[in-house]
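For reference, the chains in residue letters:
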Amino acid sequence: MTQPLVDRYGRVHRDLRISLTDKCNLRCTYCMPADGVPWIAKQNLLTTDEIERVAVVFAHLGVEEVRLTGGEPLLRPDVVDVVRRLANVPTSDGTLLRVSMTTNGIRLAGVMSDLADAGLERVNISLDTLRPARFRELTRRDRFDDVIMGIRAAQESGLRPLKVNTVAMHGVNDDEFVDLLRFAIDHDAELRFIEQMPLDAGHTWSRAKMVSGAEIVDRLSESFDLTELPGRGADPAALYSVDGGPRTVGVIASVTAPFCGACDRVRITADGQLRNCLFARDESDVLGLLRSGGSDADLAAMIRRSIAGKASGHGINDVDFLQPDRPMSAIGG
């Protein structure tokens, strides 16, 4: 129970992503269709007790940080309680789990102070455009002002680093990259551009719409002096200082410059399925094990088997690559 999670390629896994729900209050065009997707039945979602139990076992196995995702995690009614419980889980080195969250920010302003009091360490907020009309077209919802309020609440909370995530898309928001970076700097946040990945529900992803990491850097370099920083480690983003620092911008080039060789992440979906890679096509049934009376030792063994079977990379650029059956909203980022 105390040996670290090391796969056959020597990667040590310290980062756990837990999806709290597959539901979302946006319908982003690159993620799901306008009428949504079939939601997971409530009885098939991990309970808060089960989430805590899973986190405890992972912490014994060397996990140091839990990132709460969705869907939209703030749609879970007991999200503050989840944060509080996980933030009090001891790790194998005697510290406590670090708890972070990725959110679309719509409900964040109303719960930011409660989340911080519960032990949330930091937050990533998704924002793909600064134009309200474009936001409405892209997300199929008129919630731009709510997201901006959420970003401001996160800024005022003092939790750092505050990160803003932007999916870069040709013909959609590639004319806003400079404005988005200036917006992030003004809100004491680190902007992280993300290459669009093949994780949409409709399987309509196209490389033609994807802006590469190199293109992003070139575009930003027209207005800023960017210098790539060393010491990336397992961080999915390549970091660049902006105009000599201390401000930075990140570029997550999952497709064109995969960082699989340093990956330290493992995922649990909202319905309790263990995935050793975002693009894995196989899952391990944690929920079934827990509800059939499996012990913590059984769970640890299942986790170790999954990590042992992890592939060397996601394979997006292989000729035989197959997109996962589940969309991003069901997997959890």
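When its secondary structure is counted, the protein chain shows 10 helices and 12 strands. At 19 Å, the protein chain has a C-alpha radius of gyration in line with the 20 Å of a compact globule built from 333 residues. With the C-alpha coordinates aligned to their principal axes, the bounding extent of the protein chain is approximately 55 × 45 × 40 Å. Taking all 333 residues of the protein chain together, 56% fall into the buried category.

Going through the model one piece at a time under the given rule, you end up with 23 salt bridges. Measuring nitrogen to oxygen at the nearest pair gives 2.8 Å for the salt bridge that ties Glu50 to Arg291. You can see Glu50 sitting in helix H1 (residues 48-60) and its partner Arg291 sitting in helix H8 (residues 286-291), a full 241 residues away along the chain. Of the charged contacts, one joins Arg85 and Glu52 as a salt bridge, the two residues approaching to 3.0 Å between their closest N and O atoms.

Take helix H4 (residues 132-139) next. Listing the buried residues of H4 in full gives Arg134, Phe135, Leu138 and Thr139. Summarising the axial view, the buried residues of H4 lie within an arc of 115°, below the 170-degree limit, and thus occupy one face. The secondary structure elements touched by the buried residues of H4 are helix H5 (144-157). Taken from the residues just after H4, Arg140 is the one with a positive phi, measuring 60°.

Extensive coverage of strand S5 (residues 162-168) is indicated by the burial of 7 of its 7 residues. The alternating pattern of S5 places Leu162, Val164, Thr166 and Ala168 on one face and Lys163, Asn165 and Val167 on the opposite face, and all of these are buried. As judged from the 3 bridges shared by strand S4 (residues 120-126) and S5, these two strands associate in the parallel manner. By the bridge assignment, Ile125 is partnered in S5 with Val164. Bridge count for S5 against strand S6 (residues 189-195) is 7 bridges, and the pairing is parallel. Bridged to Thr166 within S6 is Phe193. Taken together, S5, helix H6 (residues 177-186) and S6 constitute a β-α-β crossover, and its handedness is right-handed.

Take the sheet that holds strand S7 (residues 226-228) next. The strand order across the open sheet formed by 12 strands is S7-S8-S9-S6-S5-S4-S3-S2-S1-S10-S11-S12, and the pairing between neighbours is mixed. Because the sheet does not close on itself, it has two edges, and the strands there are S7 and strand S12 (284-285). Each of strand S3 (98-103) and S4 is contacted by helix H3 (residues 108-118), which is oriented at about 155° to S4, the strand it contacts most.

Attention now moves to the nonpolar core. Judged by nonpolar contacts, the single largest core of 88 residues is most densely connected at Phe58, Leu68, Leu86, Leu115, Leu220, Val249 and Ile303. Sequence-distant contacts of Leu86, defined by excluding residues within four places in its chain, comprise Ile18, Ile51, Glu52, Ala55, Val66, Leu68, Leu97 and Val99. With 13 residues, the next largest nonpolar core counts Ile252, Val255, Leu278 and Ile316 among its residues.

To continue, consider unusual backbone geometry. Of note, the bond from Arg160 into Pro161 is cis; its omega dihedral lies within 30 degrees of zero at 5°. Among the secondary structure elements, Pro161 is positioned in the loop between H5 and S5. A cis geometry characterises the amide bond from Gly245 onward to Pro246, with omega recorded as 5°. Mapped onto the secondary structure, Pro246 falls in the loop between strand S8 (238-242) and strand S9 (248-252). One non-glycine residue, Asp188, adopts positive backbone phi at about 55°.

In this section: the pairing of strand S1 (residues 15-19). With 5 of 5 residues buried, S1 lies mostly within the body of the structure. What you see with S1 is no split at all: Asp15, Arg17 and Ser19 on one side and Leu16 and Ile18 on the other are buried throughout. In this sheet, strand S2 (residues 65-69) lies alongside S1 in parallel orientation, the contact comprising 5 bridges. Each residue of the ladder has a partner; that of Ser19, found in S2, is Thr69. Relative to strand S10 (residues 265-268), S1 runs parallel, the two being bridged by 4 bridges. Looking across to S10, one finds that Ile18 is bridged to Ile268.

Calculation notes
Residues numbered from 1 in each chain as written. Predicted model: local features only at pLDDT ≥ 70, side-chain atom pairs only at ≥ 80, totals over all residues. Heavy atoms only, no water. Helix = DSSP H or I, 4+ residues; strand = E, 2+ residues; numbered from the N terminus. Rg over C-alpha atoms; globule rule 2.2 N^0.38 Å. Buried < 20%, exposed > 50% of the residue type's maximum accessible area, 1.4 Å probe, protein only. Salt bridge = Lys/Arg side-chain N within 4 Å of Asp/Glu carboxyl O. Arc of directions from axis to C-beta. Contact = heavy atoms within 4.5 Å. Pairing = 2+ DSSP bridges. Right-handed = clockwise from strand over helix to strand, strands pointing away. Axes fitted to C-alpha atoms, helices over the stretch in contact; angles between N-to-C directions. Core = buried A, V, L, I, M, F, W, Y, C linked by side-chain atoms within 4.5 Å.

Note that every value here comes from positions in space, so none of it alone points to a role or purpose.
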